[in-house]
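# Observations on chain architecture
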Amino acid sequence: MADWSQFLHWAERFAQEVDLDAEERNYKLVAAERWKAATAACLSGADDWAELLRRAAGSGNLVDPFSQTWLRNAIEKHPEQVREAFSTLGGAGDPNAIDAFEAALRSWGDYVSPGDITAFASLVLMAEKPEGRPPYRAQFVTDWGKRLDFPSSGSPVERYVALLALCDELIEAASEHGLAVKDRLDAQGLAWAVMKYEPPVRWEPLEQAKLMAWRRGEQSSDAVVERGQGVAPLMEEGAWLVLGRGLRGDTSALDLTLQTWTVENAVELRRRIQDNPPGDGGFMEKLAGQMAGADDAVIVLLAELLYLRNAPLTDMKAGTKIARTNAVLSWCATPRSLPQQLADSLAEADAFRGGQGYHNRTPDHLLWLTRFVEHWMQTPDGERFEGLRDPFAFRDIAAATAEDMPTIRYVIEYLAWPGIFPSVVSGDHRTKIHEVLMADLGEPSGTDERAITRDLVALQAFHNRKAKGHGARYMWYRSPYRERWNPGADIPPRAWIVRPSDGGSALVASWIAEGFVSLSAKMLGTVEPGATEPVVSKAVKEGYTHLDASQREATATAYHAFLTLMKEDDIVATIDGGRLHVGLVSGAAHYVGAPGSRLRREVSWSQASTDQGALAAPLPSLLDQQGSVVDATAAFDVLASLVDQAEPVEDEEVNEAPADKPTLVATPHLPAVTDSVAAALHMDRGPLQEIVDLLQRRQQIVLYGPPGTGKTYVAKELAKHLVGDPSRVRLVQFHPSYSYEDFFEGYRPVTENGQATFALKDGPLRLLAAEASNPENRENAYILIIDEMNRANLAKVFGELYFLLEYRKETVRLQYQPEKTFYLPPNLFIIGTMNTSDRSIALVDAAIRRRFPFVEMHPSEEPVKSVLSRYLASNHITDERAALLAELNLRMGEGGRDLQIGPSYLMRPEIQTASDIDRIWRYDILPLLEEHYYGQLDRQAIREKFGVAAMRQAVMKKSASESSPSTSFGAGSADEADGSAALDAFDLTLEGDSSGEPM
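Just so it is clear, the model here is predicted, and its values are computed rather than measured. (Residues numbered from 1 in each chain as written. Predicted model: local features only at pLDDT ≥ 70, side-chain atom pairs only at ≥ 80, totals over all residues. Heavy atoms only, no water.)

### Topic: the packing of helix H2 (residues 20–44) against helix H3 (residues 49–58)
Relative orientation of the contacting elements H2 and H3 amounts to 155°, with a least axis distance of 8 Å. As judged from the angle between their axes, H2 and H3 are roughly antiparallel. Along this stretch, H2 crosses H3, giving a crossing that reads as left-handed. Across from Arg34, Trp35, Ala37, Ala38, Ala41 and Cys42 in H2, the residues of H3 making contact are Trp49, Leu52, Leu53, Ala56 and Ala57. The residue makeup of the contact of H2 with H3, split by class, is ten nonpolar, no polar and one charged. (Axes fitted to C-alpha atoms, helices over the stretch in contact; angles between N-to-C directions. Helix = DSSP H or I, 4+ residues; strand = E, 2+ residues; numbered from the N terminus. Parallel < 35°, antiparallel > 145°, perpendicular 65-115°, else oblique. Left-handed = near helix turned anticlockwise from the far one by under 90°. Contact = heavy atoms within 4.5 Å. Nonpolar A, V, L, I, M, F, W, Y, C, P; charged D, E, K, R; others polar.)

### Some words on the sheet that holds strand S13 (residues 782–787)
Pairing is parallel in the open sheet, where five strands are placed in the order S10-S13-S16-S9-S17. Each end of this open sheet is capped by a strand with a single partner; those strands are strand S10 (729–733) and strand S17 (854–856). Sheet twist, expressed as the mean angle between neighbouring strand axes with direction ignored, is 20°. Bridge analysis of S13 against strand S16 (residues 828–835) gives five bridges, and the strand direction is parallel. In the strand pairing of S16, Ile786 is matched with Gly832. (Pairing = 2+ DSSP bridges.)

### Quick notes on the packing of helix H8 (residues 138–147) against helix H10 (residues 184–196)
Two elements in contact, H8 and H10, have axes separated by 10 Å at closest approach and are oriented at 80°. Comparing their axes, H10 and H8 come out roughly perpendicular. Facing Gln139, Phe140, Asp143, Trp144 and Arg147 of H8, the residues of H10 in contact are Ala187, Gln188, Ala191, Trp192, Met195 and Lys196. Grouping the constituent residues of the contact of H8 with H10 by class yields six nonpolar, two polar and three charged.

### A look at the pattern of salt bridges
Evaluation of the coordinates by the stated rule reveals 57 salt bridges. Across the pair Lys182 and Asp186 runs a salt bridge whose closest N-O atoms are separated by 3.0 Å. Here Lys182 falls in the exposed class, since its relative accessible area comes to 54%. Asp186 gets classed as buried once you look at its relative accessible area, which sits at 15%. The residue Arg248 makes a salt bridge to Asp250 at a minimum N-O spacing of 3.1 Å. (Salt bridge = Lys/Arg side-chain N within 4 Å of Asp/Glu carboxyl O. Buried < 20%, exposed > 50% of the residue type's maximum accessible area, 1.4 Å probe, protein only.)

### Looking at the nonpolar core
In terms of nonpolar packing, the biggest core is built from 74 residues, with Phe7, Trp35, Leu53, Phe86 and Trp144 touching the most fellow members. In terms of residue count, helix H9 (residues 156–176) provides more of this core than any other element does, ten residues in total. Those residues in contact with Phe7 that sit more than four places away from it in its chain are Trp144, Leu148, Leu170, Ala191, Val194, Met195 and Trp214. (Core = buried A, V, L, I, M, F, W, Y, C linked by side-chain atoms within 4.5 Å.)

### Things to note about the packing of aromatic side chains
Throughout the structure, instances matching the rule amount to 38 aromatic pairs. Ring centres 6.3 Å apart and planes at 25° place the aromatic pair Trp35 and Phe86 in the stacked group. Linking Trp35 in helix H2 with Phe86 in helix H5 (residues 79–89), this pair joins segments that are 51 residues apart in sequence. For the residue pair Trp35 and Phe86, the accessibility class agrees, reading buried in each case. (Phe/Tyr/Trp six-rings, centres within 6.5 Å; stacked < 30°, edge-to-face > 60°.)

### Examining the pairing of strand S2 (residues 516–519)
Side chains Phe516 and Ser518 of S2 all project onto a buried face; the interleaved residues Val517 and Leu519 project onto the opposite face, where all are buried too. Looking at chain direction, S2 and strand S6 (residues 599–605) are connected through four bridges and run antiparallel. Residue pairing for S6: Val517 is matched across the bridge by Arg601.

As structure tokens, this is what we get:
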């Protein structure tokens, strides 16, 4: 019996990975039925025999395409001979009948190969007894026989008998190894998987390479994994010229006469970078000072490491990379320059965007690379040999480097094996891809860093295979995958304040010196990064039983923020000794064995710190908030201005280099009122500009006055002019039942899964503030108009927001979400309107009056006084309405000043005639006056004093008086004198009650 040990090793591996019934047996049983029907039709001479035979041969992969073509041609040219040939095997079930089948197929003289004859014969035999007569494929049986030194050639009969013998031996050998193989059909399916299937992507790459080597007849122990190609083949090839020579211990690719990868060179380079004070200037200037007097081999090693670190970056131009490498090489005693081939390879870099955090950590990356070189060169030769043929052996060696730094290690792993390891250097991104996309392949193999890497390698291979060779440039950051695992990719970074719960100043010093930030997590267990809030809360509840409920809630909020909400390139800040330290998050959350700081993230801390007393708002108020982790995104621009910026080379900028230090958010400058705006409002430009200037300084104002003075209209038209885009203006109207929940946020009924429930929903103020706070909108002004402001209970509506109306640069914790903070962005302006005819204005408390400047809009004063006459003039109207309104307001006198009527009632385009004026007076103005004078004047008295007829009569008298110089007041008849006296008495009744007190 042949040696089946190697074959059975792979058979067991495939049996664990593949459902052979689903993948092999079941479809062959279906095919057997088709062949049975076709053979029966051949035997009976049915009209559709040819079609059934063609269909049987064309289904599945049991007949190769060339054999299918031969059969179709044979049926077309020699139909009867073909039918008779297939009839010879029908019902036989005996392999020896293949001889007669062969003779029949060769009867018309066309060549047919022994393999094709055997294949067709096996399918007809399978139709009779599929469990004992498996299908035959020539190359498959030949390769299988070779691996076992089993003869498998000869005549068609001998070939098929060899297949049956191989199946029988496999059944016996499998049984001895505890591997269940039911029959010959199962054996053939298992053997087909072992010999023909692609290695499962979840096998480690070396395991796959060993299988392929065994199939080729080579020793599995000699198998080597191909580096392959990743997303940037040209760059990867150039990087390998540098990295590969170093890993193999060859001389440098930058100078073939120098041996750079030695323990001594690595230690000396690290000493110079780590222990030599950096001095003044930019990064390259400091580095030049540190390298002064170094041996050429040490300097060239530095150039190699800098080249490898920068080569894959998409956010650094090729010219920048070349310039930096050449700058280092120029420090040698014998100046050198980057070889042209290596410079050319940098023209194509499509691997990953480093971002601010990556750029700021160049010194840390170089230090880790020196440790890696030292560690690699000290690794035994046998282990290094394994590392050069096995990606995961290489990964394990690299991960064992002292003070592991995954970000730069991922770069080296990718450059060493670009076709294997993904070009994703963000730990957060790797975790998120693993969590979301691993379902494409199945269950994850684990959640530790090595398991995630292994799964990502398998997942990448899986998608590349699905692309059938077109996936060599597969990229996790491209559609359609990016939208799946990172739907919030366009969400801007956030800012966080983190406080040392244990360790105090000593721990902060460790954070800054070692490049990390941490939480104690002493009793948290090991909650996975990215865990949901309920998962974190459950772990806190179980681990922190000594805390009360509110403390546990605050603790869970902090850990959830650190584990899940915090991302790479977020800003992190901490206070120590009255000074603020800031940095950029550059790594995923992970656990270490250090007590007091188990849960960590890598951080690139800025070198300088800032005095706490010099911080701009709203940062000071955020620093006053309690908690181990505080969301400080409201002060993002303040903190971003304090972060060290990566420095581009002098002669060339970085493509997507970190932006200039951000300008702190300031109140946008509001445009001046134009003549056209003033003309459209029928007002003078000066008073309108005064309103705008006041709004600019205070950011919130109230326009108040009697009804019809155009308060809301002016607010809307000014707002549209000031913001430019009407979508940045929002209007809300207050009323007695309006509340905080309506205005800012509150629980409202919603339907979820067909069930009524309540959900926290944002109101207009919060929605507009969120839009205004968007970094893309910070230079744009937004205006919220609050109409009829005094009709609501303002203290109830504004709640804790009262504080922000006075202290615009501060923040408050929210009523319904006390773990969150809120502030009014400086580009959000508020214009309120109040109607003085509504007596509720008298109830507006001093708190609101102190927070808002009040601008009166009164019919007797500009800018309202001349509005109606200007409106009439601009529309070429010469009727009496302006005089009537002036007389009405004059009769109301000072005692009715807050009740006077504004011009807007008489500025309606539908007023064309005196009758139209009468209707407005009757149905709009008089009802309003009746409400105003309710309990003081009856309806008849109001009509007699303020009716349109009385107004016309008074206007006519004045007009007549003005046109007659001899006429003077008091010169009329006794009746007129009596009438004047009566009106005077009427006015007195409006100015005071019977007690003489003001009304």
